Amino acid sequence: MERVAIIGCGAYMDSGYGCPGEWRCLKAAALGEGNFDSPCQVVAFIKCECPGRPLISNLGMAMKLSEIKPDKIYFSSCLAGSTPGCPYLSPGELASLVQKATGIEVVLGTHDYH
Ligand code: SF4
């Protein structure tokens, strides 16, 4: 079973939409729905915080302390596709930075639930 880390948009999560991870990202990972090809183990759930500077170090710390390197990193659907989007970096730009820093594939979006 693949091990995955999920990164969510803290600005979205803190806006009262029931995030982080009240069920959507976690359900999609557990059942292999949305952008997950098959059921996955979520080994880290990391919250980005504006303007995003600590994200990569927090991700690195989660991998170091858990001693688990995820097979893939997923940006939550709120990070990858919310409107209005992140005012600092596009999801693609942020994914490139994360991928370059970790060497791990980044998938944009987790689920299609409403
Ligand atoms: S920097 Fe962008 S992705 Fe990160 S919390 Fe702020 S708005 Fe969300």
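Summarised in this report is the structure supplied together with it. From a predicted model like this one, the values you see are computed outputs, not experimental measurements.

**Quick word on the sheet that holds strand β3 (residues 72-75)**
- What the 4 strands build is an open sheet, ordered β2-β1-β3-β4; its pairing is parallel. Each of the sheet's edge strands pairs with one partner strand only, and the pair in question is β2 (41-48) and β4 (105-108). In this sheet, neighbouring strand axes are inclined to one another by 25 degrees on average, regardless of whether the strands run parallel or antiparallel.
- The pairing of strand β1 (residues 3-9) with β2 spans 7 bridges and is classified as parallel. Residue pairing in the sheet places I7 in a bridge with I46 of β2.
- In this fold helix α3 (residues 55-66) packs onto β1 and β2, with an angle of close to 150 degrees to the strand it touches most, β2.

**Observations regarding the site of the ligand**
- Residues in contact with the ligand, as listed here, are C9, G10, A11, C48, E49, C50, P51, G52, L79, C86 and Y88.
- Looking at the shell around the ligand residue by residue, the class counts come to 8 nonpolar, 2 polar and 1 charged.

**A short note on the nonpolar core**
- In terms of nonpolar packing, the biggest core is built from 25 residues, with V4, A5, I7, I73, F75 and L79 touching the most fellow members.
- Looking at this core, the elements with two or more residues in it are β1, α2 (24-31), β2, α3, β3, α4 (77-81) and α5 (91-102).
- Counting residues per element, this core draws most heavily on β1, at 5 residues.
- For I73, the residues in contact, after removing those within four places along its chain, are V4, A5, I7, V98, T102, I104 and V106.

**What about the environment of C50?**
- You can see C50 is positioned in the loop between β2 and α3.
- Assessed through the 12 C-beta atoms surrounding it within 10 Å, C50 is described here as exposed.
- Taking the C-alpha atoms as reference points, C50 and G60, 10 residues apart in sequence, are found 18 Å from one another.
- Residues within four places of C50 in sequence aside, it is in contact with G10, A11 and Y88.

Rules of the game
- Residues numbered from 1 in each chain as written.
- Predicted model: local features only at pLDDT ≥ 70, side-chain atom pairs only at ≥ 80, totals over all residues.
- Pairing = 2+ DSSP bridges.
- Helix = DSSP H or I, 4+ residues; strand = E, 2+ residues; numbered from the N terminus.
- Axes fitted to C-alpha atoms, helices over the stretch in contact; angles between N-to-C directions.
- Contact = placed C-beta atoms within 7 Å.
- Near = placed C-beta within 6 Å.
- Nonpolar A, V, L, I, M, F, W, Y, C, P; charged D, E, K, R; others polar.
- Core = buried A, V, L, I, M, F, W, Y, C linked by C-beta atoms within 7 Å.
- Buried ≥ 20, exposed ≤ 12 C-beta atoms within 10 Å, placed from the backbone.

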